[in-house]
Amino acid sequence: MTGPGPRAPRVAVLVPVHDSPASPHAAFLPRALESLRAQTAGDWEAVVVDDGSPDPGPVAAAVPADPRIRLLRREANGGLGAALNAALDATTAPVVAYLPADDVWAPGHLEALLGCLAAPGVVRARSRLTEPAGTAYDQLVQVAHRRTADRWTERAELETDDLDRLLWRRLDAAGASADTGHVTCTWTRHPGQRSRSIRAAFDGGLNVFRARYRVAQPLRFSSTDGADVDEGARYARFRDRAYEPAADGLRVLVVGELAFNPERVLALTERGHALTGLWTATGLGDSTVGPLPFGHVADVGTVDPAALADPAADWRRAVRDLAPDVVWAQLNWRAVPLAHAVRTAFPDLPMVFTFKEAPQRSIVRGEWPLLADLVTSADASLFCSAEERDWFALALAGRVDPARLGVLDGDLPLREWHDAPLSPKLSDADGEPHAVVVGRPSGLDLGWVLDLARRGVHTHLYGQVRAPGATGSWTGWLDEALARAPGHVHLHPPIGPEQWVPELSRYDAGWLHRFDSANGGDLRLAAWDDLNSPARLPVCLAAGLPLLQQANPGSLVSVERVLRAEGTGLLYRSADDVADLLTAEVAGRAGAAAALEARARHTFDAHADRLVDLFRSLTR
């Protein structure tokens, strides 16, 4: 007579892990699994899901020889939802708990959660953390739930840090949730966390996420700090097109990151040139890197900082194999180390360096020597404004030939986004002027916005994100502004380029950065705002909006010069000036007419042929 077989496990423990230089989770995994094996509730089964780590060895080495723990390897990274669903499929226990590789359980964690789930009607239980996570949703490490038919939302539908949207809400709709009331787990804070790669508050965002996990397809992406973005819908028109190569087309290696309006590079593909991307791995959330979601650009991959100086690095072999006709390096300070490494490794390849912002930032980071060497060694360097070009000519006097320095704003959009109808003006309906901020309200504050409201001026804010530093400064005053001037301060969700014209054309003007220049006419004393061409300038011009810019008499300010030359500026010194200028604009629409006349010049298409001519001049 045989005895009873081994008891079926009560809990399936799902352990997702992705290990890479930017996300080094294998180093945490032994600690997590030790805390699992120390549980007072021992009737569990566990699946460690390696979700496409480039090198599977460190994860495999961290999994102990315990028959209760299995390793499931996914060759390509499919995202958190797909990894957890694979683990669900590989387990059968009636309760599911989560132990991310970088987190830790106290010995009584599972026992406390099982106690909550024993109550009738409770579907989901959560413990408390040693340190609050500061999010509106429960972390994976806190939660256990009854096994249901519900599945995790996968990447093809949505990538977000918000676990409520990925699963918790569906579970909570099926029954009650309960709190153990005990602190039994640790959510580990470190730079490689998935949530940090998504959230703007930690310098994350869509492109940081894309680079870290090598996401090849367009994303539907959402951050609890900011915007929802549907790249599939936005870029479908481009992905569905066929671009024919020209017989004399150039092989162009794009190096660095593309920041805003990345689809501008398709103006070159449209002209029959072949593009390949080599990307920085250290960009910000708005620093666009590949694989590019609009397609038609081959991809070498991202380059980790540790590989920049490695003579045997894969990226060097890939560049040699490609043998491009020209290297087009760009765009902001985050791209400087990679662009410099490519120039150093391949000095005989013609290089055009397009730089936008900000030399001051490179100085602060200790990277000015790299930037200076890049500008002096590149075959041609293009800057976002004449003032920035001249600043570099002064800063590198005697080291660089001014004839090799030119002007091209690297953030210009495609003209195609202009092909949408203008909308009726709000001011035509209510008789009051309406001005819009696209992006962070640089220089606007509570007092200024309230002064405008008292003068009947509406301020519309689009796409604000909860990010560190100046980008998120609006969070300190917005709630009070909404409370004190509810009829004249308006917050809107962010919009993409397909919405610029129909949405923004409802307004009478757009805000540029508000700042006091102190250079006194000497570019040696210029700050970044003096040199910059704001990315919101072509956005507002696309919608036919003149631009509100504080006048700085006696100083050299790039955007102010452009606005005066084109007649597209509403230049003010006080709130009274703003009110008077907007009243005149509503009455005559002179600024709108000038903006519509100028907007085509502020597109990448208008300069693409000039850029190609420059490429050809260097390859002959």
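Residues numbered from 1 in each chain as written. Predicted model: local features only at pLDDT ≥ 70, side-chain atom pairs only at ≥ 80, totals over all residues. Heavy atoms only, no water.

**Comments concerning the pairing of strand E11 (residues 176-186)**
For a regular strand, side-chain orientation follows a simple rule: the groups alternate between the two sheet faces.
Then, in step 1: Across 2 bridges, the pairing between strand E7 (residues 104-105) and E11 is antiparallel. Within E11, the position partnered with Val104 by the bridge is Thr186. (Pairing = 2+ DSSP bridges. Helix = DSSP H or I, 4+ residues; strand = E, 2+ residues; numbered from the N terminus.)

**A short note on empty space enclosed by the protein**
Then, in step 1: Applying the stated criterion across every chain, the model contains 2 cavities of 30 Å³ or more.
Then, in step 2: In terms of lining residues, the largest cavity is bounded by 28 residues, among which His25, Leu80, Pro100, Leu140 and Arg194 are the most central.
Then, in step 3: Within the residue set of the lining of the largest cavity, elements represented by two or more residues are strand E1 (11-17), helix H3 (80-89), helix H6 (194-198) and helix H7 (206-213).
Then, in step 4: Taken together, the residues that form the lining of the largest cavity break down as 13 nonpolar, 8 polar and 7 charged. (1 Å grid on protein atoms, 1.4 Å probe; cavity = no way out; pocket = protein on both sides within 12 Å on 5 of 7 lines; lining within 4 Å. Points joined across faces, edges and corners; volume = space filled by probe spheres on them. Nonpolar A, V, L, I, M, F, W, Y, C, P; charged D, E, K, R; others polar.)

**Observations regarding the packing of helix H13 (residues 368-377) against helix H14 (residues 386-395)**
Then, in step 1: Their axes nearest at 11 Å, the elements H13 and H14 cross at an angle of 100°. Here H14 runs roughly perpendicular to H13, going by the angle between their axes. Facing H13, whose interface residues are Trp368, Leu371 and Val375, H14 presents Trp391, Phe392 and Ala395.
Then, in step 2: Grouping the amino acids of the contact of H13 with H14 by side-chain chemistry returns 6 nonpolar, no polar and no charged. (Axes fitted to C-alpha atoms, helices over the stretch in contact; angles between N-to-C directions. Parallel < 35°, antiparallel > 145°, perpendicular 65-115°, else oblique. Contact = heavy atoms within 4.5 Å.)

**Regarding the layout of surface pockets**
Then, in step 1: The space that makes up the second largest pocket amounts to roughly 750 Å³.
Then, in step 2: Looking at the second largest pocket, it is lined by 32 residues, and the ones nearest its centre are Ser20, Ala22, Ala211, Arg212 and Ala281.
Then, in step 3: Elements that contribute at least two residues to the lining of the second largest pocket include exactly H6, H7 and strand E16 (298-303).
Then, in step 4: Classifying every residue of the lining of the second largest pocket by side-chain character gives 13 nonpolar, 13 polar and 6 charged.

**Points about the sheet that holds strand E21 (residues 434-438)**
Then, in step 1: The sheet built from 6 strands is open, its strands ordered E23-E22-E21-E24-E25-E26 with parallel pairing. Bordering the open sheet on either side are strand E23 (489-492) and strand E26 (569-572), each of which pairs with just one other strand. If you compare each strand with its neighbour and ignore which way they point, the axes differ by 30° on average.
Then, in step 2: Taken together, the 4 bridges between strand E25 (residues 547-550) and E26 define a ladder with parallel strand orientation. The partner of Gln549 across the bridge, within E26, is Leu571.
Then, in step 3: In this fold helix H22 (residues 575-588) packs onto E21, strand E24 (509-511), E25 and E26, with an angle of close to 150° to the strand it touches most, E26.

**Here's the deal with the pattern of salt bridges**
Then, in step 1: Taken as a whole, this structure holds 45 salt bridges when the rule is applied.
Then, in step 2: Residue Arg128 is joined to Asp179 by a salt bridge in which the shortest nitrogen-to-oxygen separation is 3.3 Å. Of this pair, Arg128 sits in strand E8 (residues 122-129) while Asp179 sits in strand E11, and the two are 51 residues apart along the sequence.
Then, in step 3: In this structure Asp179 comes out as partly exposed when scored by relative accessible area, which is 31%.
Then, in step 4: Glu480 serves as the salt-bridge partner of Arg484, at 2.8 Å between the closest nitrogen and oxygen. A residue pair is termed a helical-turn pair when its members lie 3 or 4 positions apart in one helix, as Arg484 and Glu480 do in helix H17 (residues 478-484) at 4 residues.
Then, in step 5: Residues participating in the shared-partner salt-bridge network are Arg124, Arg126, Arg128, Asp138, Asp172 and Asp179. (Salt bridge = Lys/Arg side-chain N within 4 Å of Asp/Glu carboxyl O. Buried < 20%, exposed > 50% of the residue type's maximum accessible area, 1.4 Å probe, protein only.)

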